[in-house]
Structure formats: structure tokens, C-alpha cells
Amino acid sequence: MKYPKVVLTADRTLMSPYRGISLASFFGCAPAVDPHRSHDTLLYKILRNQVTPRVLFDFICNPISHHNGIADYAPYGLRKVEASLVRDGYSSEDVVVAHPDHVDKFIGPETEVVGTYEMDPLGMGPVTMTFTYGRKQISYDEFYNKDLHMKINRAKEKNGSKAKVVAGASGTWQYNYDPAKIEEYGLYGIVEGDLGGIGPEIDGAGAKFFDALVNNELEIANPFKKHPFKVEIKEFEKDDKTYHGRFIHYWNEPTVDEIPTIINPSMHGMIEVMRGCGRGCKFCDVTLRPLRYYPVEKVVKEIEVNMKYGGLKNAWVHSDDIFVYGLNPRTTKNMQPNREALEELFSGIMSTGIEHTNPTHGTLAGAIADERLIPNISKIIRASPDNMIGIQCGFETGSIRLIGKYADRKLSPFKPSEWHWVVKTGIKTLNENYWVPAFTLIMGLDNDETVEDSWDTIELIHSLEIEQPDSKFTTTPLTFVPIGLLEKSEFFDIGNTMDPPKLGVMYKTWQHNFKYGIQKFMHKVGRDNPVKNFFFAGLARTLGGVPLDAMERYARRRGPEHEMVIEKIKAKYW
């Protein structure tokens, strides 16, 4: 058997359709293992050190289909790299996107590079850090990423392969904080930034990057030789041991014409319509990249690939803020949306014959800046009670002080003082047009969140429940991670610095999700199989109270002040 030159893959949590359940891909952030659990407890006797039972996780996180070990679907960024290699002269036999369960079949003597796509490899992402109490437990993201690397290493040893294992995608910054994993996984190199979509945007470089790897051009840093790829050999001192890691940087941003079009189906029918944002939030790295927009024709081509080769009937439209599409933030007054460009975009998307589309991200301010925007787009994409449109929005905080300090342009064309009005009006507008926002909040923003800021967030969520009792939205708290313009800041250490009000924010957000999201409308959002939707909604109702109980037990362990916050929320904000 002739082995491929390049093998691309990702772990199970990134290679699952999650049985078509909306937002279930976040399930990978759930805690898998508690290495500190006492062996004397009843829970240990039942589950050993498992937190979320693996049988349940593996059932919901079902494997993707494959043909002889070649994945039928793959993360969008991985598809971009595959397309760039084929575009630049690699044959389709030289490049294989492998199913994580069958990656060992493709790694042999001829294999030069194994590239792994990693979004949260060590469980340090904001959602995961929240769910695992600051990584005191091991998430399924980390669990299955390690499982993948162990398979790769066993295959290399078994088949006599000297392939260079290179980790890429938006989560690779995490290896800076746990460098022991570089050695444990046998990583040759780490590409900091995403492979496609987030700088360094290796998909624009294509074969140049992989040729440099194969030809040993990235062995060491050479400041006297001009090279498009900067190599940084980092040394880490941790736990009385020295570790080294080869970190690779690429700073060129490809033009739209240099960005390849995918040639095989992406996970969840994801396609991209733009890169960059222009909003300028200090806590986000997206704002550091230049804005580029795909023409409608390029978007349509990628949807057609997903439909023709993947049988997909939906398009998950990726952007960092869909309401920025088609505008120039430097010349457009107050970030006013380009309604005509957005209408043209979504008309083109629907012209392909797909049945459902939704954008991944958007700002509330952008959604309501033009009162005709959401109603017009909703008509184009045929939003209805039976075709709900999901979108992730940054709620960030209820604190006007923090919004004004860290994200004032997030509100353009509105002012920070209008933030609460923007949130309430945004939810009302989206819901009236059959959109359901999934909100994310930031806990411990730049470690600058005061007691008053936390209570502002709790009160804003509660006022929404009182004033708009039939509203549909979810809230997910994320711990602050130092990226973007705040990369020199410290992590918010949720495991050791959870003061009572921040615990209150966590409790209130999950209380809202359980009472409103899970119990009231979750079963109405799914589209493809009503029976399946009711089954999973019932499962969620059964398990939904578990986090609330866990937080109440945590409060009792921490002491009276934490307990008082929980009791206050139950009495005043339920």
C-alpha cells in the first residue's frame, strides 16, 4: 500500500454531526474525567472518575460517516487546507482527510506530515474553563484530543513513519500554557492561529507551507534569512523541568482570490462569507485581522460542493459579525449595516436550493441598526415558527461600565449608555422574526469585574425574563481568556477566584437556560425530526437541573457568603 504524503485529521469532538442537535457541538466542553475524585465515594463506585458519562457523550457525539477511513465531512478550516494543497499541485492521492477512528490506516513510510486541526486541545477555551472549574476536571475536548495523538504516535511507531506531526487551528495557543503536552504528543511544530479563517491563514499559503515542512526549512529560527514563515523555538520552565516547542507564525493575509474554495463537504454545511470584523472589541483577536468579503459567487460555489458531495440541505454561514458584511468600517458612519449587500448575499445563498441557513455570529447592535434589515433577511431565508434561525451573539456583560471600557464599538451606531436598551430591543426584534440568539457572557473580564458589575448582569437577565416572558434566548458564561488586545493580561482563574457574585452569574445563566430554554422552547427549535427533538429535549429536562444542584453544593462548601447569593437569586430573581 502507498501511503499519502499528507494526512489531515481532527479529534472526535470536531468530527461529529452531534445527531443534528442545534448547539450540541458545545457538548465537547463538558467535563469528562475528574482526576481528583475520592475513591471512597459512592459516585466513584458507580462512575469511577467519569463526570459526564462517556456512554452518554459518545451517543450524542456520534462519529461522522466515512469511506474506507476517509472522512465524508471535516471541519471547514481543514477543508480549506486540503483545497489549497490540491490547488497548488498536490494530487488527491497525496492528501487524505482521515476519520479520527481510522487515522492509523494512512500513516506510513511515505507520510511526510500529519496535520491536526485543534480548537480546544487542552480544554482552556472560555466555555470549557467554565464547565471544568478552571481545568480542575478534564474536558472531552482534551480527552479526545489526547486520544487522537496517542493513535497517531502508535501508528507512526507501528508503520515505521517519520512523519512530522503539526498542530494547527485556533486553539494552539494553549500549548504555551501546558508545554508538557508538546513533548507527550510528540509535536514537531505548532502553527499559532487558525489554518483558515483566523490568522495566520495558512490556507492562503497552501503548498508553500507544507513544502517548507517536508524540506526541513522550518527546523530552526534563522533571523538572517528572509522566509515567509517565522519559526520561534520557545523554552518553558515548568514543574522543575524544561520543555521546548517549535511555534510557527505566518503573517500574510491572503486576498479573497488567494483563499481556496473547498472541494469536499464541510462539517454542518459550514461555509465562510468574510474574514475579520472591524468592531474593535479589546477582548477578541478577530478585530486584529483585516476585513475581506467573499463575493456571492464564491459563497454559492462552496454551498454547491456541500450539496453535491455531502447531500447537505443547510448552509451554516460563518462570519465574525454577519451584520458587518459588505461595509467598510473606516468609511461607513457608525458601522451602519449594508442592507443591500446582505440581501444580495442571502438571496444568493437561497438560490442554491438549500432548505435552511443561519449565520454563526452577529451583534445585537448590527441587527437593529436598520429596522428593515432583520425582517427583510428573514423573508429571504424563509424564517418561520417551523424554521427558526439560530445566531450566536455577544451579551458579554450587563455592566455599562465594562461595555464602555472594553467594547464601545460593539454597540455602534449606539452608545454604551444604551446597552441595556440594545439588548432588550435586539432580542425582541430577533424573536419577532423567528431568530433565537445564543448569548455568551464573559466572566472576570480582564480581571476587572466588580461585585456591582456581576449584579448588573444578573439583573439584566432577570429584567428580560420579566419584561419579555415569552422571549427565546440562551445564556452561556465564559471565563475571560487573554487574547486580542488583552493578550498580556492574566486568565480569570475560575477555580480559585470564584467570588459569590460571579457564582451568582453562573447560577443565573444556567437557571435561565433550564427554566426558559430547556423547559419552554428547546423542543421547538429543531427541524429535521420532531420525535428526535422531543427525545433530546426530555433528556435535557432530566439532566438540566444537575448543574444547578452542583453549584448549590459548591456554594455550601465555599461558605455562607456564596450560599447567600444563591438564596438571593432563588428568592428574588427566579
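The structure this text deals with has already been given above.
Reference entry: report on the structure contained in this document. Predicted model, so just to flag it, every value in this text is computed and none were measured. (Residues numbered from 1 in each chain as written. Predicted model: local features only at pLDDT ≥ 70, side-chain atom pairs only at ≥ 80, totals over all residues. Heavy atoms only, no water.)

Structural notes on the overall build of the protein chain
Stage number 1. A count of helices and strands for the protein chain gives 19 helices and 19 strands.
Stage number 2. Sequence separation of 24 or more characterises 77% of the internal contacts of the protein chain that already satisfy a separation of 6 or more.
Stage number 3. Of the roughly 24300 Å² of accessible surface on the protein chain, 53% is carried by carbon and sulfur atoms. (Helix = DSSP H or I, 4+ residues; strand = E, 2+ residues; numbered from the N terminus. Contact = heavy atoms within 4.5 Å. Areas by Shrake-Rupley, 256 points an atom, 1.4 Å probe, with all protein chains shown as cover.)

Quick word on the sheet that holds strand β8 (residues 164-168)
Stage number 1. Ordered by their spatial adjacency, 7 strands build an open sheet running β5-β1-β6-β8-β9-β11-β10, and the pairing between neighbours is mixed. Each end of this open sheet is capped by a strand with a single partner; those strands are β5 (95-97) and β10 (229-238). Strand after strand, the sheet turns through a mean of 25° between neighbouring axes, direction not considered.
Stage number 2. As paired elements, strand β1 (residues 6-10) and β5 share 3 bridges and run parallel to each other. Each residue of the ladder has a partner; that of V6, found in β5, is V95.
Stage number 3. In the packing of helix α5 (residues 140-159) onto the sheet, contacts are made with β1, β6 (113-117) and β8, and the angle to β6 comes to roughly 170°. (Pairing = 2+ DSSP bridges. Axes fitted to C-alpha atoms, helices over the stretch in contact; angles between N-to-C directions.)

Section: the side chain of S139
Stage number 1. Within the fold, S139 resides in strand β7 (residues 138-139).
Stage number 2. The class of S139 is buried, set by a relative accessible area of 1%.
Stage number 3. At 3.2 Å, the side chain of S139 forms a polar contact with the backbone nitrogen of E142.
Stage number 4. Aside from chain neighbours lying at most four places away, what touches S139 is G28, C29, A30, P31, A32, G123, T128 and T132. (Buried < 20%, exposed > 50% of the residue type's maximum accessible area, 1.4 Å probe, protein only. Polar contact = N/O pair within 3.5 Å; in protein donor to acceptor, adjacent residues only side chain to side chain.)

Considerations on the environment of H67
Stage number 1. Topologically, H67 is positioned in strand β3 (residues 66-67).
Stage number 2. Its relative accessible area of 55% is what places H67 among the exposed residues.

Observations regarding the sheet that holds strand β12 (residues 270-272)
Stage number 1. Strand order across the open sheet formed by 3 strands is β12-β15-β16, with parallel pairing between neighbours. Two strands close off the open sheet at either side, each with one partner strand: β12 and β16 (356-359). Each strand axis lies, on average, 25° off the axis of its neighbour in the sheet, ignoring direction.
Stage number 2. Taken together, the 3 bridges between β12 and strand β15 (residues 314-318) define a ladder with parallel strand orientation. Bridging across to β15, E272 finds its partner in H318.
Stage number 3. Against the sheet, helix α9 (residues 296-310) makes contact with β12 and β15, and its axis sits at roughly 165° relative to β12, the strand it touches most.

Overview of the pattern of salt bridges
Stage number 1. If you walk through the whole model with that rule in mind, you get 28 salt bridges.
Stage number 2. Residue K151 pairs with D101 through a salt bridge whose shortest N-O separation is 3.3 Å. Pair noted here: K151 is in helix α5 and D101 is in the loop between β5 and β6, with a separation of 50 residues, a long-range link.
Stage number 3. Judged by its relative accessible area of 34%, D101 falls in the partly exposed class.
Stage number 4. A salt bridge links R401 to D453, with the shortest nitrogen-to-oxygen separation between them at 2.6 Å. Of this pair, R401 sits in helix α13 (residues 400-406) while D453 sits in helix α15 (residues 451-467), and the two are 52 residues apart along the sequence. (Salt bridge = Lys/Arg side-chain N within 4 Å of Asp/Glu carboxyl O.)

Quick look at empty space enclosed by the protein
If a probe the size of a water molecule is rolled over the atoms, the empty space left behind becomes visible.
Stage number 1. Tallied over the entire structure, the rule returns 3 cavities of 30 Å³ or more.
Stage number 2. By volume, the second largest cavity amounts to about 50 Å³.
Stage number 3. Around the second largest cavity, the lining residues are D11, R12, P100, D101, Y144, D147, L148 and K151.
Stage number 4. Among the residues making up the lining of the second largest cavity, the classes are represented as 3 nonpolar, no polar and 5 charged. (1 Å grid on protein atoms, 1.4 Å probe; cavity = no way out; pocket = protein on both sides within 12 Å on 5 of 7 lines; lining within 4 Å. Points joined across faces, edges and corners; volume = space filled by probe spheres on them. Nonpolar A, V, L, I, M, F, W, Y, C, P; charged D, E, K, R; others polar.)

Things to note about the pairing of strand β17 (residues 389-396)
Stage number 1. Within β17, 6 of the 8 residues are buried, which leaves it mostly tucked inside the rest of the structure.
Stage number 2. Pairing analysis gives 7 bridges linking β17 to strand β18 (residues 435-443), with the strands arranged parallel. Within the sheet, the bridge partner assigned to I389 lies in β18 and is W435.

Quick notes on the packing of helix α14 (residues 419-432) against α15
When two helices pack together, their arrangement is given by the angle between the helix axes and by the axis-to-axis distance.
Stage number 1. Between α14 and α15, whose axes approach to 11 Å, the crossing angle comes to 40°. Between α14 and α15, the interaxial angle falls into the category oblique. Once α14 is placed against α15, the crossing between them reads as right-handed. Residues H420, V423, K424 and I427 of α14 pack against L460, S463, L464 and E467 of α15.
Stage number 2. The residue inventory of the contact of α14 with α15, partitioned by class, reads 4 nonpolar, 2 polar and 2 charged. (Parallel < 35°, antiparallel > 145°, perpendicular 65-115°, else oblique. Left-handed = near helix turned anticlockwise from the far one by under 90°.)

Concerning the nonpolar core
If you look at soluble globular proteins, the nonpolar side chains tend to sit buried side by side.
Stage number 1. Formed by 75 residues in total, the largest nonpolar core has its most connected members in V273, I322, F323, F346, I349 and W435.
Stage number 2. Take this core: its biggest share by element is 6 residues, from helix α10 (residues 339-350).
Stage number 3. Setting aside its immediate chain neighbours within four residues, I349 contacts V299, I303, A315, V317, I354 and T357.
Stage number 4. Among the nonpolar cores identified, the runner-up in size contains 36 residues, and I64, V97, A207 and V214 belong to it. (Core = buried A, V, L, I, M, F, W, Y, C linked by side-chain atoms within 4.5 Å.)

Focus on the packing of aromatic side chains
Stage number 1. All chains considered together, the criterion is met by 17 aromatic pairs.
Stage number 2. Here F57 and Y144 contribute two aromatic rings whose centre-to-centre distance is 6.1 Å and whose plane-to-plane angle is 20°, an arrangement assigned as stacked. Residue F57 is found in helix α2 (residues 54-60), and its partner Y144 is found in helix α5; the two are separated by 87 residues along the sequence. Exposure class is identical for F57 and Y144. Each is buried.
Stage number 3. Ring centres 6.4 Å apart and planes at 85° place the aromatic pair Y175 and Y185 in the edge-to-face group. Remark: Y185 occurs in helix α6 (residues 180-185) and Y175 occurs in the loop between β8 and α6; sequence separation between them is 10 residues.
Stage number 4. Using a relative accessible area of 0% as the deciding quantity, one classes Y185 as buried.
Stage number 5. Every member of this aromatic cluster is reached through a ring pair, and the members are F27, F57, Y140, F143 and Y144.
Stage number 6. Above the plane of the ring of Y188 lies K164, whose end atom (NZ or CZ) is 5.4 Å from the centre. (Phe/Tyr/Trp six-rings, centres within 6.5 Å; stacked < 30°, edge-to-face > 60°. Lys NZ or Arg CZ within 6 Å of the ring centre and 35° of its normal.)

Overview of helix α19 (residues 560-572)
Each turn of an α-helix holds 3.6 residues, which means side chains three or four residues apart point in the same direction.
Stage number 1. The terminal C-alpha atoms of α19, which comprises 13 residues, lie 18 Å apart, in line with the 18 Å expected from a rise of 1.5 Å per residue.
Stage number 2. Residues of α19 that are buried: H562, V565, I566 and I569. Take α19 and look down its axis: the buried residues cluster within an arc of 95°, on one side only. Turned more than 90 degrees away from the buried face of α19 sit P560, E561, M564, A571 and K572, all of them exposed. (Expected span 1.5 Å × (residues − 1). Arc of directions from axis to C-beta.)

As far as function goes, none of this settles anything; it's purely spatial.
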